[in-house]
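Here is how the chains run, residue by residue.
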Amino acid sequence: MESKGYNRFRVIFAHVLLIILSFLCLFFFYILIVNATRPHAEIQKGFSILPGGYLVTNFKNMISDGTYPIVSGVINSIIVAGCSAALCTYFSALTAYGLYAYDFKLKKVAFTFIMAILVMPTQVTAMGFLRLITKMNMDDTLFPLIIPSIASPAVFYFMYSYLQSSLPLSLVEAARIDGSREFRTFNQIVLPIMKPAMAVQAIFTFVGSWNNYFVPALVLETKSKMTVPVIIALLRGADYMNRDMGKMYMMIATAILPIIVVYLFLSKYIIAGVALGGVKG
Amino acid sequence: MKQKNKKVNYSKWGYIFILPFFLTFFIFSFIPLVDTIRYSFFQYFRSGLKWIGPNFVGLENYKSLLQSDMLRYAGNTFILWIIGFVPQIVISLLLASWFVDARLKIKGQQFFKVVIYMPNLIMASAFAMLFFALFSLKGPINSILISWGVITETTPIDFMGTALGTRSLVGVMNFLMWFGNTTIMLMAAIMGISPDIFEASEIDGCNSFQRFFRITLPLIRPILAYTLITSIIGGLQMFDVPQILTNGAGSPNRTSYTLIMFLNDHLKSKNYGMAGALSVYLFVVSGILCYITYKITNDDDPDGSKAAARKRKKMERRMK
């Protein structure tokens, strides 16, 4: 057995390390928020612990900036992330249900195939993807950022595991006896059961799509069509630091904070979702 | 299968339900993949406004990539990944085992979990831009260090001027973004271990070190392997953070220039032949990693007991 003193030492050590790590996680965002509320000249002079009174001015400067259209960026990002989340969760649930509830010849092959491509990076097909969407006249539009999310192996796997644990096939059988058609069974009986899984995956897909930079940077060329990460990258490219840092910090805050605010409200469900993803079905 | 005499056949609905997924995959992933592989054997690039090719050149692109700095960039990618991964896995294991340790009674557990997971949701490109601003010569970090008297006003630290500095910054960012996620996953795995085992070890006089190394670690080995492989795949795709931090240059002297940044430059300059060959290299490597992940997630024999039983049966048969 361990002595009481040793355990006490461990308790203190654990708490100290946790506080240091939490400080690290929060510190950078604190500086971000503080600097987003200060004017350019003051930021250049040095760092301050307290926020300044320049928040509204920085915000006004940001939304009236024609070179870096962050407002249209936010709207585009919301469209792309929202549509991706909706399509991805609905069709992943549909695919999972199709493979879970029906017996057919290629069932095993289809399942194995999806599991095999579970963690395949999208970058390896980026070149062919760009050529394809150019041929389809979809380059410089938002469609190529939305439609491919219908096929998301990881989300499918999550849905499939969820179905295994929460949908008894007898329920589907009972619906059939009551004369429900297959699509109706899915939309009105299966989907409500899958609501918790779909909510979690919708959040993750939304965040993933909101933050996505690689493909949008290759696809989008017109400034008015750019999503937020592409505009942030433009700032870096133009060496924006020397012009108006207050506005720049404000733009970074606009990219980061909406997600954080939503996260703080839903953190319980999100963390539970991460834990579920880690435990194999 | 279950009711063969019942003549209603639902199997067509299975195909209908999975059709959208496979159709989308076929159009937006499979066709591009075939196209990518095809052009990897061609000389095909844009020079000014003129297109050169496509001319079939066989394995020429693959060869010239090997002679280029590709392997050095692969090394960079690996270094950037390992700088973030080692502290990430150590800290995550430590935190996860603390969180589930009843004797420690961590206060404010929910708060800590919420805070350490938060950076995972942050836009990597904006996070990198933030770090670029914070660690620049006139940035807040330098001004804090000056006010503490660590450095003088005339000699601010040029964090992004040295290879070590830039690489460390990328490593710190990757660490911050991923350790919370890993902690929560490992925690779920440790909580899956039967409490009986821990109780029995306690009665047998096991201390916390022994418990961690002899019980916890071996029992969560599958999820550790999964974390490792998915992290390697993530590392292979590293792009946003070094791209934005160094403005695509991987400066200084391309020491933080990753493979995907290399691919991105070929795609931007429309050198389709080279981009294709590089993609195929990446495809082969990630294919191997995918296969290992598949083996881990679909392992029906995680502790080796089935294999052992099969072996014994074979032995017995031979004895006869």
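Residues numbered from 1 in each chain as written. Chains lettered and ligands numbered in written order. Predicted model: local features only at pLDDT ≥ 70, side-chain atom pairs only at ≥ 80, totals over all residues. Heavy atoms only, no water.

Peer 1: Please provide a residue-by-residue account of the overall build of chain B, values included.
Peer 2: Scanning chain B from N- to C-terminus turns up 14 helices and two strands. On C-alpha atoms alone, chain B measures out to a radius of gyration of 26 Å, which is more than a quarter above the 20 Å that the 2.2 N^0.38 rule sets for 320 residues. For chain B, the residues scored as buried account for 50% of the 320 residues in total. Long-range contacts, defined as pairs at least 24 residues apart, comprise 65% of the intrachain contacts of chain B with a sequence gap of at least 6. With 32 positive and 17 negative side-chain charges, chain B shows a separation of 10 Å between the mean positions of the two kinds. (Helix = DSSP H or I, 4+ residues; strand = E, 2+ residues; numbered from the N terminus. Rg over C-alpha atoms; globule rule 2.2 N^0.38 Å. Buried < 20%, exposed > 50% of the residue type's maximum accessible area, 1.4 Å probe, protein only. Contact = heavy atoms within 4.5 Å. Lys, Arg positive; Asp, Glu negative; His and termini not counted. Charge placed at Lys NZ, Arg CZ, Asp CG, Glu CD.)

Peer 1: With reference to specific residues and values, describe the domain arrangement of chain A.
Peer 2: How big an interface is tends to be stated in terms of the accessible area lost upon association of its parts. Domains assigned within chain A are domain 1 (4-60) and domain 2 (67-238). Each of domain 1 of chain A and domain 2 of chain A was reduced to a C-alpha centroid, and the two centroids are 35 Å apart. (Domains from an automatic or database assignment.)

Peer 1: Which residues make up the interface of chain A and chain B, and what values do they have?
Peer 2: Every contact between the two is made by 107 residues of chain A and, on the other side, 105 residues of chain B. Interface area, chain A with chain B, both sides summed: about 9,800 Å², of which 76% is carbon and sulfur. Among the residues of chain A in contact with chain B, F28(A), M127(A) and R236(A) are the three that bury the most area, contributing 8% of the side total. There are two salt bridges connecting chain A and chain B. (Buried area = accessible area lost by both parts, 1.4 Å probe. Salt bridge = Lys/Arg side-chain N within 4 Å of Asp/Glu carboxyl O.)

Peer 1: Run through the nonpolar core, naming residues and quoting values.
Peer 2: Counting 155 residues, the largest nonpolar core has Y249(A) and L95(B) as its most contacted members. Looking at this core, the element that brings in the most residues is helix α13 (residues 245-278) of chain A, giving 16 residues. The two domains that each donate at least three residues to this core are domain 1 (4-60) and domain 2 (67-238) of chain A. Not counting chain neighbours up to four residues away, the residues in contact with L95(B) comprise L17(A), L18(A), L21(A), I116(B), F179(B) and T183(B). Listed in part, the 40 residues of the second largest apolar core include C88(A), Y157(A), M159(A) and V190(A). (Core = buried A, V, L, I, M, F, W, Y, C linked by side-chain atoms within 4.5 Å.)

Peer 1: So what about the pattern of salt bridges? Which residues, and what values?
Peer 2: Following the criterion strictly, the structure yields 10 salt bridges over all chains and no others. Its salt-bridge partner being D65(A), residue K247(A) comes within 3.1 Å of it at the nearest N-O pair. Pair noted here: K247(A) is in helix α13 and D65(A) is in the loop between α3 (55-63) and α4 (70-101), with a separation of 182 residues, a long-range link. For the pair K247(A) and D65(A), a shared accessibility class is recorded, and that class is buried. Residues R72(B) and D69(B) are paired through a salt bridge, measuring 3.5 Å at the closest nitrogen-oxygen approach. By relative accessible area, D69(B) is classed as partly exposed at 36%.

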